[in-house]
Amino acid sequence: MSNSRKVPYYYDTQSGQSVWDPPEELTQEQLHALPGAKQYLLGEGGKPAQVRASHLLVKHSGSRRPSSWKEPKITRSKEEAIEILQGYAAEISGSTEKFKELASVHSDCSSHANNGDLGWFGPGQMQKPFQEATYALEVGQISDIVSTDSGVHLILRTG
Ligand SMILES: O=C(O)CN(Cc1ccccc1)C(=O)c1nc(-c2ccccc2)[nH]c1C(=O)O
């Protein structure tokens, strides 16, 4: 793992070269076994795989846009938002159904109307912390609390 770029790099034992791109000829099994590869799962032909996720967003006064369908002006502190989200996480306790129910009622994201579903996305489409947390999840797994410029999130990976 590169400390500066926080992404895996690959050392070719034959040439002694360090490269950023994974060696193409890896089988999926070999690729999955690479350290840190979970974040950059490659689909067929080495293209970054798309993932699908739902999320529950709680915005706070430091959010880039502190307003939502629920509240025109969001004034809660980030600490308060985290406490609220911890309460939801305890209520959800790993249940996909409960996650979707709470996201639809409580999420400050417009995706609440879709039980928090964001659809499929690939690398570079979501804010970095959100992308990295999602790629590190197994399908069906719920993240710890993730912070982005939009607020604090719980993420459920669905695809
Ligand atoms: O960040 C902003 O400047 C304002 N936004 C707009 C926005 C809306 C969709 C995606 C990204 C950003 C949000 O605050 C926001 N972020 C999200 C978001 C963040 C991470 C993943 C998915 C959605 N949803 C919303 C929303 O209002 O509905």
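Residues numbered from 1 in each chain as written. Predicted model: local features only at pLDDT ≥ 70, side-chain atom pairs only at ≥ 80, totals over all residues. Heavy atoms only, no water.

**Remarks on the overall build of the chain**
For clarity, the cut-off: Think of it this way: any DSSP run of H or I at least four residues long counts as a helix, any run of E at least two long counts as a strand, and we number them from the N terminus. Under the scheme applied here, a residue whose accessible area is under 20% of the maximum for its type counts as buried, over 50% as exposed, and between as partly exposed, the area being computed with a 1.4 Å probe on protein chains only. We call two residues in contact whenever any of their non-hydrogen atoms come within 4.5 Å of each other. Shrake-Rupley sampling with a 1.4 Å probe provides the accessible areas, and residues are treated as covered by the protein chains on show and by no other component.
In terms of regular secondary structure, the chain is built from four helices and six strands. Listing every helix and strand of the chain by position from the N terminus yields β-β-α-β-α-α-β-α-β-β. The proportion of buried residues among the 159 residues of the chain is 37%. Across the chain, the fraction of contacts at a sequence separation of at least 24, relative to all contacts at a separation of at least 6, is 54%. Carbon and sulfur atoms make up 51% of the accessible area of the chain, which amounts to about 9,100 Å² in all.

**Notes on the site of the ligand**
Going by this rule: Each residue is tested against the molecule or strand, and it is near if at least one of its non-hydrogen atoms lies within 4 Å. Pairs of N or O atoms are called polar contacts if they sit within 3.5 Å, as long as, within protein, a hydrogen donor faces a hydrogen acceptor (for residues adjacent in sequence, only side-chain-to-side-chain pairs). Throughout, the ten residues Ala, Val, Leu, Ile, Met, Phe, Trp, Tyr, Cys and Pro are labelled nonpolar, Asp, Glu, Lys and Arg are labelled charged, and all others, Gly among them, are labelled polar.
Of all residues adjacent to the ligand, which total 13 residues, the nearest are Lys59, Arg64, Arg65, Ser110 and Ser150. Ser110 is positioned with one of its backbone polar atoms (N or O) 2.9 Å from an oxygen atom of the ligand. In the environment of the ligand, a nitrogen atom lies 2.9 Å from a nitrogen or oxygen atom belonging to the side chain of Ser150. Relative to its free-state accessible area of 530 Å², the ligand is covered by the protein chains to the extent of 75%. A breakdown of the residues in the shell around the ligand according to their chemical character gives five nonpolar, five polar and three charged.

**Focus: the nonpolar core**
Inclusion rule: Nonpolar cores were defined as sets of buried Ala, Val, Leu, Ile, Met, Phe, Trp, Tyr and Cys residues, with membership established by side-chain atoms within 4.5 Å.
Counting residues in each nonpolar core, the largest one holds twelve residues, listed as Leu56, Val58, Ala81, Leu85, Tyr88, Ile92, Phe99, Leu102, Ala103, Val152, Leu154 and Leu156. Put simply, the parts of the chain that give this core at least two residues each are strand S3 (51–58), helix H2 (78–92), helix H3 (96–106) and strand S6 (151–157). When residues in this core are grouped by element, the largest group, four residues, is from H2. Every residue in contact with Leu85, bar those within four places of it in the chain, is listed here: Leu56, Val58, Ile145, Val152, His153 and Leu154. Among the nonpolar cores identified, the runner-up in size contains nine residues, and Ala133, Tyr135, Leu137 and Ile155 belong to it.

**Here's the deal with the sheet that holds strand S5 (residues 146–148)**
Selection rule: Only when DSSP finds a minimum of two bridges between them are two strands counted as paired. Geometry is summarised by axes, namely lines fitted to C-alpha atoms with helices restricted to the contacting stretch, and by angles between N-to-C directions that run from 0 to 180 degrees.
With respect to topology, four strands assemble into an open sheet ordered S4-S3-S6-S5, the strand pairing being antiparallel. Whereas interior strands pair on both sides, the edge strands pair on one side only; in this sheet they are strand S4 (117–121) and S5. The mean angle between the axes of side-by-side strands here comes to 40 degrees, regardless of whether they run parallel or antiparallel. Pairing geometry for S3 and S4, over three bridges, is antiparallel. Note on S4: the bridge partner recorded for Ser54 is Asp117. On the sheet, H3 packs against S3 and S6 and is oriented at approximately 50 degrees with respect to S3.

**Some thoughts on the packing of aromatic side chains**
Rule in force here: In this analysis, rings of Phe, Tyr and Trp, with Trp reduced to its six-membered ring, are considered paired at centre separations within 6.5 Å, and the interplanar angle assigns stacked below 30 degrees, edge-to-face beyond 60, and tilted for intermediate values.
Going through the model one piece at a time under the given rule, you end up with two aromatic pairs. Between Tyr9 and Trp20, the aromatic rings sit 6.0 Å apart at their centres with planes inclined by 75 degrees, giving edge-to-face as the arrangement. Note that Tyr9 is positioned in the segment before strand S1 (10–12) and Trp20 in the loop between strand S2 (17–19) and helix H1 (28–33), a separation of eleven residues in sequence. Classification of Trp20 by relative accessible area gives partly exposed; the value is 38%.

**A few points about H3**
Threshold: The arc in question is the one traced by the directions running from the helix axis out to the C-beta atoms.
Of all the residues in H3, the buried ones are Phe99, Leu102 and Ala103. Take H3 and look down its axis: the buried residues cluster within an arc of 105 degrees, on one side only. Those residues of H3 that are buried are in contact with S3, H2 and S6. Regarding H3, its N-cap is Ser95, as a side-chain oxygen of that residue lies 3.4 Å from the backbone nitrogen of Glu97 further along.

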